[in-house]
Amino acid sequence: MRVVAVAASDSFFDVVAFHWQRIMEGAAHREADGVIIVPNRRAAMQISEAFLRLCDGEAMLLPRIVPFSELEKIMEFTLRPQYLPATGSGTELRSALDALLTLPPACDKMQRLAALSSLVLRSGDAFAVRPGLDQAWSLAQALADLMDDAERAEIDLAARLPEADDGEFAAHWQRCLDFLKIVTAFWPDYLREGGITNPVARQNHVIGVMTAAWEAAQPTLPIWAVGFTDIASSVGMFLSTVARLPNGCVVLPGLDQALEDALWANLPESHPQFGLKSILNAIGVDRADLPLWSQGFPWVDAIPEGRIAMLRAAMTPAAGVAQWMRDPQPCDLTGLSRLNCEDPQQEARAIAMILREALEHPGHRVALITPDRQIARRVSVELLRFGIVADDSAGEALALTPSAVFIRLLAEAVASELAPVPLLALLKHPLSACGLSQGACRASARKLERMVLRGPAPPPGFEGLRLRCRDEGDGEAELADRPDQPVAPEDFIDRLEKILNPLLTCGDAPLPTLLTRLINVAEALASTTETDGADRLWFGEAGHALAEHLSGLMQFTDLLGAQGFATLPAFLAASMQGQSVMGQHILRGREGGALHPRVYILGLIEARLQRFDLAVLAGLEEQIWPRIAEPSPWLSRPMRLKIGLPAPEHDVGASAFDFVSGMCSASRVVLSHVVRRENAPSVPSRWLVRIHAYLEGRGQSLPQHPARQWQMQIDQPEGPTTPAAQPAPRPPVPLRPRRLSVTEIDTWLRDPYAIYARHILKLRPLDAINAPPGRADIGVIVHEALAEWLQGRKRDVGHLTRLLHEKLARSPMRPAMRAWWRGRFTLIAKEIVAFEAGRDFRPEQSWGEAAGKLRLDAPQGGFDLTARADRIDRDGLGQVCVIDYKTGQPPRRKDADAGWASQLWLEAAMILRGAFDGITAQGFTSLEYWRVSGNAASDRIVVIANGSEGDIAEEAETRVRRLEEWVARYDDPDMPYIAQPYPEYAPRFDDYGHLARVKEWRISAEGDE
């Protein structure tokens, strides 16, 4: 029996390669005749690289290096006659090979999930809530994981489930047990009828066959199993067989032979050495009997022995904590540091800078080791700042690849009946082309957005889009799309309808049918004028992986019955959960950029046993590292323990080993922790807490890495910051506006820069996408209905209500929003009629939405003042009341008196000067704002001028003369359009303040004061 250990401080794969070469130099076999079995493919790659480093570029024949999951490939090779002793029996070998050849194939993953999902969907009311398709798929995945866990632990679920049924659990768990009993009774028959087997069960059978064959044949070629740290039952039997072969050897990494025997004998499952202890127990060898391989290499920096001792003490079981102060000597913290950041983004930026700084040392290899994919993705993006494309071992989530995102967006857009946000997300995806050039499609999508999709959402479907198509032009907005020419919105909608119609009309259908239509439409949508959509959609590794995934779904999901298309978006997301695309080496926006050969981003399993010059261990918070197992939807924790499944602490022990391995993976190690995550305080990992407590007892602490300060400075400008000055543009007089409305005059007084931006720069604020109807939209309906009501003979509530409802019905609102405002408009009609009944003024004639224009004299030529008065009432004596309806908050009386709300005063002056055709006045009784919002508590009449308090006509003339003086001032080319010169009177609704950078210069000005 041969079992050896490699110290945690040594470079494991380099040591294994070194001893393999040394042993093979005097052996009868060639190096290429041997077999090295490793836990996974990443380990196979690492030991191959170790051999290349040892041979220093010289040619050599490597042994067969096989991941444990591919053992079946080497069985025939290891049992060739030249590797067997002369006395070996051929009967056992033939029977072993026959057993391997007749072993049923493993059940396809997609087939298994589809079959289990169909069982969940047919469960009816077995659960409290009937699961949807996506929920059934997720439950099926959890059920498949439970089956695999049981197979690894060699537990017969059907036989052991009754042990978990003791009546003490909640009714929910009882229903789960009842369902599991049905599944475990049905599933073996399903596998047998299909001539297939569970993947883990097949792997266990392969291991059993190979173990029996090797024990019988005792092949003489070198067979080593290296790097195993944790085992299931079948793996322990396999390693025991390898150790007993004539030239077999098991090499264990990081075995702690200095840990006290009393502590070793009672290791908890959460200890990092528990997995290695389980292997030794399975093989039947004592830890003290193991020889220790150790070897230094010039390309590997030594790990300080003091670090190993500190980790041994800090990670000791609870029984050993009392011995922490038995030796109070300071610890050797050489090469260790800690990084505490406020949030994940700050952490990612700091880690990227640490990795970049380490690359300044020629030949140094650096790695980020983390179980958190969010951290990995953030750091990948931050590294692009330095032109570094990192090798991410986890690849890329299938659901996030461009082709998969495109397919999912297409499903969401159709399922939402072309709601603005999903539709725009689809049309602006790089793969969308609609049979046009990519540029023309993007320009057409932007035009459709500006003219149709912004503002309140249109009614569902293409008819809703056509209803919202506006006849007016797009102004100068199309300049942004040049040189691409957009298609007219109506033509673009027709084009889209032709492409998407097969999905919009498909109704309920089997999933393979829905997926087939989805794929056909996606290919049509991705087609350009030059390239077929299929060539674009399925291009590269990501496209190939998506094609395989969808092909599997189409092959097996007919079991799930007919489904509505609305279920497809969530189902696609659930089916892609956990799927990755390996070999995705080119990051978005970096096409053509090559991987950096010395920067790695690794998960815990991939990083295990590797060596670097610098390693950053990130995600050191509870729930992340260690990651606490998600509660199973099928069995509670006590139920799992009752039937013999591993406890969650088993996974914690594996994570603990990975933490220790990471601490020993480089001479320089940075431990990263985030103070707050997802807007809540995070809890440091239990191992960080242990290390901190252990060092604190010695008056020590891990030094803080300066990267936190680095990242704070990286985006700061050189030298002192200079805040933006208050903008005061002075455009040439010919460009200055010669026509403004009475409502814009108030804006001109309060914020001249807004007039500059709107009328000189020609900038218009865009409505929000999918926005609820704003006060302006509701105001248009109210104003139009009231204008028509004023001209009619009937002035009752019913007539006004009908007018409001008719205008509302013709508006492009969605049905739910129209229903809400319908009731509100009924209240508005009642408020208006109530206002009418309560007035002392009795008009003989009323005008609604009356348009007027007044030409003012100015130094640089005439200036037109325009208005559209909501309502003008005149009685038999020629006295006039001017009214403006407000669905929002009306101006205050004191603002009107101070000259900051001039609208009604200017309209009165325009009436006096005959600016409104057919409307004259002998005087004015009042100027009034009527607030009408359907809220009786806030609706009221605000009188800003009353004829009984003074001569309104005289004051109106004064206001218009002031306006003429204001116009004359701006006819001076030196007069600037200052942004918000009077902050206390700044407009309530500011569309251009961000362009004027108001907050920046205003804060600076207040600081100077």
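Definitions and limits used
- Residues numbered from 1 in each chain as written.
- Predicted model: local features only at pLDDT ≥ 70, side-chain atom pairs only at ≥ 80, totals over all residues.
- Heavy atoms only, no water.
- Helix = DSSP H or I, 4+ residues; strand = E, 2+ residues; numbered from the N terminus.
- Buried < 20%, exposed > 50% of the residue type's maximum accessible area, 1.4 Å probe, protein only.
- Contact = heavy atoms within 4.5 Å.
- Areas by Shrake-Rupley, 256 points an atom, 1.4 Å probe, with all protein chains shown as cover.
- Expected span 1.5 Å × (residues − 1).
- Pairing = 2+ DSSP bridges.
- Axes fitted to C-alpha atoms, helices over the stretch in contact; angles between N-to-C directions.
- 1 Å grid on protein atoms, 1.4 Å probe; cavity = no way out; pocket = protein on both sides within 12 Å on 5 of 7 lines; lining within 4 Å.
- Points joined across faces, edges and corners; volume = space filled by probe spheres on them.
- Phe/Tyr/Trp six-rings, centres within 6.5 Å; stacked < 30°, edge-to-face > 60°.
- Lys NZ or Arg CZ within 6 Å of the ring centre and 35° of its normal.
- pLDDT = per-residue confidence, 0-100.
- Patch = residues over 30% accessible without salt bridge, like charges linked within 9 Å, V, L, I, M, F, W, Y side chains within 5 Å.
- Salt bridge = Lys/Arg side-chain N within 4 Å of Asp/Glu carboxyl O.
- Parallel < 35°, antiparallel > 145°, perpendicular 65-115°, else oblique.
- Left-handed = near helix turned anticlockwise from the far one by under 90°.
- Nonpolar A, V, L, I, M, F, W, Y, C, P; charged D, E, K, R; others polar.
- Polar contact = N/O pair within 3.5 Å; in protein donor to acceptor, adjacent residues only side chain to side chain.
- Lys, Arg positive; Asp, Glu negative; His and termini not counted.
- Core = buried A, V, L, I, M, F, W, Y, C linked by side-chain atoms within 4.5 Å.

For the protein, the name recorded in an unreviewed UniProt entry is ATP-dependent helicase/nuclease subunit B, with Sorlinia euscelidii as its organism.

Colleague: Explain the overall build of the protein residue by residue, including any values.
Modeller: In terms of helices and strands, the protein carries 38 helices and 24 strands. Referenced to the eigenvectors of the C-alpha coordinate spread, the extents of the protein come out at roughly 130 × 65 × 65 Å. Taken across its 1009 residues, the protein has 53% of its residues classed as buried. Taking the intrachain contacts of the protein between residues at least 6 apart in sequence as the baseline, contacts between residues at least 24 apart amount to 78%. Total accessible area computed for the protein in this model is approximately 45000 Å², and 52% of it derives from carbon and sulfur atoms.

Colleague: Any details on helix H23 (residues 540-556)? Residues and values, ideally.
Modeller: Along its 17 residues, H23 runs 25 Å from first to last C-alpha, staying within 8% of the 24 Å computed at 1.5 Å per residue. Buried within H23 are the following residues: Ala542, Gly543, Leu546, His549, Leu550, Gly552, Leu553 and Phe556.

Colleague: Break down the sheet that holds strand E4 (residues 223-226) for me, with residues and values.
Modeller: Judged by pairing direction, the sheet is parallel, and its 6 strands sit side by side in the order E3-E2-E4-E5-E1-E6 without closing on themselves. Each edge of the open sheet is held by one strand with a lone partner, namely strand E3 (64-67) and strand E6 (292-293). Pairing analysis gives 4 bridges linking strand E2 (residues 35-38) to E3, with the strands arranged parallel. Across the sheet, residue valine 35 finds its bridge partner in E3, namely arginine 64. Those strands touched by helix H2 (residues 41-55) are E2, E3 and E4, and its axis lies near 160° from that of E3.

Colleague: Can you explain empty space enclosed by the protein? Please cite residues and give values.
Modeller: The tally for this structure, following the rule as stated, stands at 6 cavities of 30 Å³ or more. Taken as a whole, the largest cavity holds about 160 Å³ of empty space. Forming the boundary of the largest cavity are 16 residues, of which Ala8, Gly254, Leu609, Ser661 and Cys664 lie nearest the centre.

Colleague: An account of the packing of aromatic side chains is needed here, citing residue identities and associated values.
Modeller: Both the distance between ring centres and the angle between the ring planes are used here to describe each pair of aromatic rings. Applying the stated criterion across every chain yields a total of 29 aromatic pairs. Grouping aromatic residues by their ring pairs yields a cluster made of Trp748, Tyr753, Tyr756, Phe863, Trp966, Tyr970 and Tyr977. Taking the ring centre of phenylalanine 77 as reference, the NZ or CZ of arginine 64 above it sits at 3.8 Å.

Colleague: Describe the confidence of the model for the protein, with residues and values.
Modeller: Averaged over the protein, the pLDDT score is 88; the fraction of residues at 70 or greater is 93%. Contacts for the low-pLDDT stretch residues 584-590, under 50 throughout, to residues beyond four places or in other chains number 18 contacts.

Colleague: Summarise a nonpolar patch on the surface; cite the residues concerned and give the values.
Modeller: Taken together, the side chains of Leu761, Leu763 and Leu995 make up a nonpolar region of the molecular surface, amounting to roughly 220 Å² of accessible area. With respect to the helices, strands and loops of the structure, leucine 761 is situated in the loop between helix H31 (752-760) and helix H32 (775-791). With a relative accessible area of 38%, leucine 761 lands in the partly exposed category.

Colleague: So, unusual backbone geometry: which residues are in play, and what are the values?
Modeller: In this model, tryptophan 625 is joined to proline 626 through a cis peptide bond whose omega is 10°. Note that proline 626 resides in the loop between strand E15 (612-617) and helix H26 (637-642). Unlike most non-glycine residues, leucine 418 shows phi in positive territory, near 65°. You can see leucine 418 is positioned in the loop between helix H16 (402-415) and helix H17 (420-427). The phi angle at leucine 609 is positive, at roughly 75°, despite the residue not being glycine. Relative to the elements of secondary structure, leucine 609 occurs in the loop between helix H25 (604-607) and E15.

Colleague: I'd love a proper account of the packing of helix H18 (residues 438-453) against helix H20 (residues 489-504), names of residues and values included.
Modeller: In a packed pair of helices, the relevant descriptors are the angle between the two axes and the axis-to-axis distance. Viewed as axis vectors pointing N to C, H18 and H20 meet at an angle of 115°, and their least axial separation amounts to 10 Å. As far as their axial angle goes, H20 and H18 are roughly perpendicular. Taken as a pair, H18 and H20 cross one another with a handedness that is left-handed. Only Pro489, Phe492 and Ile493 of H20 make contact with H18, whose side of the interface consists of Cys441, Ser444, Ala445, Lys447, Leu448 and Met451. Considering only residue class, the contact of H18 with H20 consists of 7 nonpolar, 1 polar and 1 charged.

Colleague: Give a description of the environment of threonine 743 that names residues and reports values.
Modeller: Structurally, threonine 743 is set in helix H30 (residues 742-750). Taking the C-alpha atoms as reference points, threonine 743 and leucine 424, 319 residues apart in sequence, are found 34 Å from one another. A polar contact of 3.0 Å, which involves the side chain of threonine 743, links it to the side chain of serine 741.

Colleague: Let's hear about the side chain of arginine 750: which residues, and what values?
Modeller: Position of arginine 750 among the secondary structure elements: in helix H30. Put simply, arginine 750 is tucked away with no salt bridge, and the nearest opposite charge, on aspartate 895, sits 4.2 Å away. In terms of polar contacts, arginine 750 uses its side chain to reach the backbone carbonyl oxygen of tryptophan 900, at 3.0 Å. Within the local environment of arginine 750, its side chain forms a polar contact with the backbone oxygen of tyrosine 985, the two atoms lying 3.0 Å apart. Discounting residues that sit within four places of it in the chain, arginine 750 has contacts with Asp895, Trp900, Ala901, Gln980, Pro981, Tyr985, Ala986 and Pro987.

Colleague: Describe the sheet that holds strand E16 (residues 666-674), and please don't skip the residues or the numbers.
Modeller: With parallel pairing, 6 strands are arranged side by side in an open sheet as E7-E16-E15-E8-E14-E9. The open sheet has two free edges, formed respectively by strand E7 (336-341) and strand E9 (391-392), since each of these has just one partner strand. As judged from the 4 bridges shared by strand E8 (residues 366-369) and E15, these two strands associate in the parallel manner. Paired with valine 366 across the two strands is leucine 614, which belongs to E15. Across the sheet, helix H15 (residues 373-384) is in contact with E8, E9 and strand E14 (599-602); its angle to E14 comes to roughly 160°.

Colleague: Tell me about the side chain of threonine 211, residues and numbers included.
Modeller: Its location among the elements puts threonine 211 in helix H9 (residues 199-217). With relative accessibility at 2%, the residue threonine 211 sits in the buried group. Apart from residues no more than four positions distant in its own chain, threonine 211 is found in contact with Met237, Phe238 and Thr241.

Colleague: Which residues make up the packing of helix H6 (residues 133-152) against helix H24 (residues 568-576), and what are the values?
Modeller: The geometry of H6 relative to H24 is characterised by a closest axis approach of 8 Å and an angle of 15° between their N-to-C directions. Considering the angle they form, H6 stands roughly parallel to H24. Viewed along their axes, H6 and H24 form a crossing whose handedness is right-handed. Where H6 abuts H24, its residues Leu133, Asp134, Trp137 and Ser138 lie against Ala570, Phe571, Ala574 and Ser575. Of the residues assigned to the contact of H6 with H24, the class counts are 5 nonpolar, 2 polar and 1 charged.

Colleague: So what about the environment of alanine 858? Which residues, and what values?
Modeller: Looking at the element boundaries, alanine 858 is found in the loop between strand E20 (845-856) and strand E21 (863-874). Residues alanine 858 and tyrosine 970, spaced 112 residues apart in sequence, show a C-alpha to C-alpha distance of 9.6 Å. When residues no more than four places from it in sequence are discounted, the contact partners of alanine 858 are Arg738, Val967 and Asp971.

Colleague: Which residues make up the nonpolar core, and what are the values?
Modeller: Counting residues in each nonpolar core, the largest one holds 99 residues, and the members touching the most others are Leu410, Leu518 and Trp634. With 11 residues, the single largest contributor to this core is H6. Counting residues in hydrophobic clusters, the runner-up holds 73 residues, among them Phe238, Val242, Leu267 and Phe274.

Colleague: Describe the environment of phenylalanine 228, listing the residues and the values that go with them.
Modeller: Here phenylalanine 228 lies in the loop between E4 and helix H10 (233-244). When the C-alpha positions of phenylalanine 228 and tryptophan 905 are compared, they lie 88 Å apart, and in sequence the two are 677 residues distant. If near-sequence neighbours (up to four positions away) are discounted, phenylalanine 228 is found in contact with Ile37, Val38, Pro39, Phe68, Val235, Leu239, Val251, Leu252, Pro253, Leu276 and Ile279.

Colleague: Explain the pattern of salt bridges to me, and be specific about the residues and the numbers.
Modeller: Summed over all chains, the structure comprises 43 salt bridges. Note that aspartate 189 and arginine 192 form a salt bridge whose closest N and O atoms lie 2.2 Å from each other. Here aspartate 189 pairs with arginine 192, and both are found in helix H8 (residues 171-194), just 3 residues apart, close to one helical turn. Overall, the relative accessible area of 34% leaves aspartate 189 in the partly exposed class. Close ionic contact of aspartate 715 with arginine 385 constitutes a salt bridge, the shortest N to O distance being 2.8 Å. Here aspartate 715 is found in the loop between helix H29 (707-714) and strand E19 (739-741), whereas its partner arginine 385 is found in the loop between H15 and E9, with 330 residues between them in sequence.

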